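Residue-level structure breakdown
As a plain string of letters, each chain reads:
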Amino acid sequence: MESVVSLTSVSRRYPRGVLALREVSLDVPAGQFVAVMGATGSGKSTLLHCAAGLDRRTGGRVRLAGRDVTRLREAALTRLRRDRVGFVFQSYNLLSELTVGQNVALPARLGGRLARPVDEVLESVGLGGLGRRPVGELSGGQRQRVAVARALVTGPAVIFADEPTGALDPTTGAQILGLLRTAADLDRVGVLMVTHDPVAAAWSDRLVLLRDGEVVADGPTPQAEAIAERLRGVSAVAA
Amino acid sequence: MIRQALRRNPWSFLGPAATQCLAAALVTASLCLIASFGGAPLSRAQRQAMTDSGVPDIAVLFVMISIYLSILIVGVTMSSAIRHQARDIALVRAVGATPARVRRSVAAQAALVAVPATLAGVPLGILGGHAWLGGFVRHGIVPAEVTFRLHGGMLPIALAVTVGTSLLGALIAAVRPSRVRPAVALAESAAPRLRIGVARTLIGILLVTGGVVLSVLIAGLDADTADQAGFFVMLAMCVGAGFLGPALLRAAAPLGRLLGDTGRLAADTLAVHARALSGALVPLTLAVAFAAVTITRSATTTHVTGVPAPAADRWLEFSGTGAYASFAAIAALNALVTLILARRRNLAVTRLAGGTRGRTLAVVVCEALMVIGTALVVAAAVAAVTLLPLLHATLDTWVPWLPASWLAAGIAGTALLVLAGTVLPAALALRRPPIEVAG
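Residues numbered from 1 in each chain as written. Chains lettered and ligands numbered in written order. Predicted model: local features only at pLDDT ≥ 70, side-chain atom pairs only at ≥ 80, totals over all residues. Heavy atoms only, no water.

**Quick look at the packing of aromatic side chains**
Residues and elements named next belong to chain B.
- Evaluation of the coordinates by the stated rule reveals eleven aromatic pairs over all chains.
- Taken together, a centroid distance of 5.4 Å and an interplanar angle of 70 degrees make the contact between Phe37 and Phe136 edge-to-face. Residue Phe37 is found in helix H2 (residues 10-39), and its partner Phe136 is found in helix H6 (residues 99-138); the two are separated by 99 residues along the sequence. Both residues of the pair, Phe37 and Phe136, count as buried. (Phe/Tyr/Trp six-rings, centres within 6.5 Å; stacked < 30°, edge-to-face > 60°. Helix = DSSP H or I, 4+ residues; strand = E, 2+ residues; numbered from the N terminus. Buried < 20%, exposed > 50% of the residue type's maximum accessible area, 1.4 Å probe, protein only.)

**Focus on the side chain of Thr70 of chain A**
Residues and elements named next belong to chain A.
- Looking at the element boundaries, Thr70 is found in the loop between strand S5 (67-68) and helix H2 (74-84).
- The exposure class of Thr70 is buried, given its relative accessible area of 15%.
- Here the side chain of Thr70 touches Val62 through a polar contact of 3.4 Å, landing on its backbone nitrogen.
- When neighbours within four sequence positions are excluded, Thr70 is seen to be in contact with Arg56, Arg57, Gly60, Arg61 and Val62. (Polar contact = N/O pair within 3.5 Å; in protein donor to acceptor, adjacent residues only side chain to side chain. Contact = heavy atoms within 4.5 Å.)

**Some remarks on the domain arrangement of chain B**
Residue and element names in this part refer to chain B.
- For chain B, the assigned domains read domain 1 (1-191) and domain 2 (193-439).
- The C-alpha centroid of domain 2 is placed 21 Å from the C-alpha centroid of domain 1.
- Taken together, the contacts link 28 residues of domain 1 with 29 residues of domain 2.
- Contact with domain 2 buries surface across domain 1, with Leu69, Leu72 and Ile73 losing the most and accounting together for 18% of the total. (Domains from an automatic or database assignment. Buried area = accessible area lost by both parts, 1.4 Å probe.)

**Remarks on the interface of chain B and chain A**
- Counting residues at the interface gives 26 residues for chain B and 27 residues for chain A.
- Here chain B packs against chain A, burying approximately 2400 Å² in sum over the two surfaces, 59% of which is carbon and sulfur.
- If you sort the residues of chain B by the area they bury against chain A, Leu352, Ala353 and Ile435 of chain B come out on top, with a joint share of 21%.
- Where chain B packs against chain A, one counts two salt bridges.
- A salt bridge links Glu74 of chain A to Arg351 of chain B; the shortest N-O distance between them is 3.4 Å. (Salt bridge = Lys/Arg side-chain N within 4 Å of Asp/Glu carboxyl O.)

What follows is the structure, given as structure tokens:
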């Protein structure tokens, strides 16, 4: 099956010589929910940014939704992101000046096409009837649901989630993770999530552990306790 | 808190500092004109001739206009700078600062910016006044014996105007964030209030109505009095338009929907930023209306009477108007830049949501077009209300006349100013990768 995200020996070196990613290779097939974990500074955010085309890799090859983004120009890359990729960030990244509905319709306002009606998507993330509310009046959990709705509305091939539950309590966080899980299972969306929370990672199908910019483990996701155990192991070796 | 706020947001105080500096320069220059005219060693006949020409009266009028303009524009920029701090104010309130303490620190901030800006503006005004007086002599408006003199009161008067107005503007802007409960203030800074205050609308309507009534009264007066009162009609209308600004912009927003998807996004955004944008609308309207009234009046006079006004008279009028219009234009420019800089993060979020750099910039251009349109329409209305009775009183006509090329130049100038204040800083802000800005 065609991978929605495919990294081949991807490296990312920052201007001062820091090597954040070392020849990382990773394939995410459609419908798979992948969690990337690692200590602070292990390169997990850089991995997500490079895979999503938000940051430029300095070595290797990145394919996103079937297209080689390595040589894609900025505008074309942005259009690819708009049409085929969804994002969920820890800090929500909604436009506080717009309403819930306007935020979800944003990709269309920016020239994209909506795969599903805004109201239907809002209904599916549990925000039915809140379309006209200003985003500023919502709770954190509701805001993150808006972000998920905005990520889903274009019918993306892949969703990138950067600590999506980092600012939420466990119950609210679980609801957001449930939405991502559903997107993977029902809509066959590939999900690549970066997190430091073993409980959040336990919702995934596959767990990738990073240390010093290298993949040190890649396999089916075990139980949360076992994840925490493995994570401690990786960090201990790193320290 | 003061030092922290100044260090953290040096940009947001650049605007007030620039307008304070220019205000001090304008007040100083016009005060020095008075001193130069009054102190010149003239023979009795020469002095009589100068008094008869009305030039000393015009200098007094210049001082008054400068002071009024400074109060208005410095007040507007200072209060908008403080409004950008609403979140910080809410935070220090939450950790235990009393409302009085917040007000004291806001006042100290205003003074801390205003005093050095004024001290820089006064020498600038001396230079400008020197050049201005040179023009008077060169055009034969005053005899060559009139030499440049400093006005003894320029420093205290300039300080009083800028510091006083800054304090007033800052304190008025701080009333709400310092008085409401911190939790409410924090929530509000996250989600700006959309409702436009009833008091605000009422004051706006009152001022505009007052301007119109005054203007109707002027139409029946003699030409000289009408001339001098015309300025106050314009001032009342412009301040009124400023109070009504958010409502006006929100009324203009639906027009953006005609510009397609990008325009609709711009319209939605504009409606929310209407309050902050009205800080740019007041000086913009003032600048355009000022220029429109002076130029149209001169053109109509030439057109109706068939004789162009003497070059000296034209220079006198245009030099004054030029100074005020540029002052107001600079204030408008800085209000627009401040707003765009405050929205850097939102621009980055738009990029993350799939907006290309060009698309995101197009949203800003659409917003700018709506601001330009609103400012031009409001300024044209203000200019018409000010000018028509004046034309009737002096030329006995109701029909203004303006060459098409001048009109086009005016529109282009306004458009250029607004685009420079919005698109340029937005384009610069968009150069950074969005993920770095939004995180």
